[in-house]
Amino acid sequence: MIFGYSTNAFVKYPLLDSFDMIARLGFAGVEIMCDQPHLYPPEYDEAALTQVKSSLEQNGLKPTNLNSFTLFAVGDTYLPSWIEPEADRRRIRVDHTLACLEIAAFIGCRNISVPPGGPLPNGMTRKKALTLFHQGMDQVIPKAQELGVQLLIEPEPNLLMERTAEIKPFVSEIQAPAVGINFDIGHFYCAGEDPAAAFEELFPWIGHIHIEDIAPTREHNHLIAGLGAIDFPSVFTAMKQSGYQHDMSLELYPYTDRPEAAGKDSLAHLLPLLREAGLQD
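Quick look at the structure, then. (Residues numbered from 1 in each chain as written. Predicted model: local features only at pLDDT ≥ 70, side-chain atom pairs only at ≥ 80, totals over all residues. Heavy atoms only, no water.)

A word on the pattern of salt bridges. A side chain with one charge can pair with a side chain of the opposite charge if their charged atoms come near. One pass over the full model with this rule turns up 9 salt bridges. A salt bridge links Arg89 to Glu84, with the shortest nitrogen-to-oxygen separation between them at 3.2 Å. It is possible to trace a salt-bridge network through shared partners that takes in Glu102, Lys143 and Glu146. (Salt bridge = Lys/Arg side-chain N within 4 Å of Asp/Glu carboxyl O.)

Below you can see the structure in the form of structure tokens.
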């Protein structure tokens, strides 16, 4: 398992500079934010992507995931989503996902993470929203299968899917090997679940992990590891016992004023626990 750090904590720095800083901290991998001010697909041609790939290689960093969740370039954290009433808005999400799949294949990243539908629009039933989400996924799954890149849905507090009972039937019904789950440990804790138990139940579909700490209030605010209430040893034990083979990325986007210090402190807290669980050498 490669432990990476997401560039969405480094939005005050150019993308390639963030690679340098993440490597210096001692991470072996990096999750890349596929949005402004980092790797927003319309702003990267083949030459620019070649530079990205070269910088990754020079820093000895494996791309653990392409974070294709946010769309600040044309919207916000959640919008445009898969389930908006307007077809042209849904098309923006589909096109962004297709572009991110192409970039993942180009730079050698095996997966991208996408939002779990979106906020439920006023007046829309869950049944209608799920239908729209399925229709959107149907438009991107063939490209994912063609490129050999996984589409990982990330459950998120207060969106269409935030709990095990919501995401499990969705990915089960799709029955596409290219579709899985980006398991954010903190998000399941925010939703009132035991992350270790949720991991065990969802393990067959988990292709990547986000890690951060969360306060005892379960408020959705990513914290430096060790400053919250998540029982990391129990989650790491579940990962080890399940035979988890994929990667994990630290996600600390609230710490844009001090991303290096936040990463350093989290690494110092988590590495001994990962080693004790047998997940790191």
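We are not done yet, so read on.
Turning our eyes to something else, we now look at the pairing of strand 6 (residues 179–184). Among the 6 residues that make up strand 6, 6 are buried, leaving the element largely enclosed by the rest of the structure. One ladder, built from 3 bridges, connects strand 5 (residues 150–153) with strand 6; its direction is parallel. Within the sheet, the bridge partner assigned to Ile153 lies in strand 6 and is Ile181. Tracing the backbone out of strand 5, into helix 5 (residues 164–174) and back to the parallel element strand 6 gives a crossover that is right-handed. (Buried < 20%, exposed > 50% of the residue type's maximum accessible area, 1.4 Å probe, protein only. Helix = DSSP H or I, 4+ residues; strand = E, 2+ residues; numbered from the N terminus. Pairing = 2+ DSSP bridges. Right-handed = clockwise from strand over helix to strand, strands pointing away.)

As a further point, take the environment of Glu156. If you trace the backbone, Glu156 turns up in the loop between strand 5 and helix 5. Among the residues examined, Glu156 registers a relative accessible area of 5% and is labelled buried. Taking the C-alpha atoms as reference, Glu156 lies 6.8 Å from Pro116; in sequence the two are 40 residues apart. Discounting chain neighbours no more than four positions away, the residues touching Glu156 are Phe69, Tyr78, Pro116, Met161, Glu162, His187 and His220. (Contact = heavy atoms within 4.5 Å.)

Next up on the list: the pairing of strand 5. By the alternation rule, side chains of strand 5 split into Gln150 and Leu152 and Leu151 and Ile153, which are all buried. Handedness of the β-α-β unit built from strand 4 (residues 111–114), helix 4 (residues 126–147) and strand 5 comes out right-handed.

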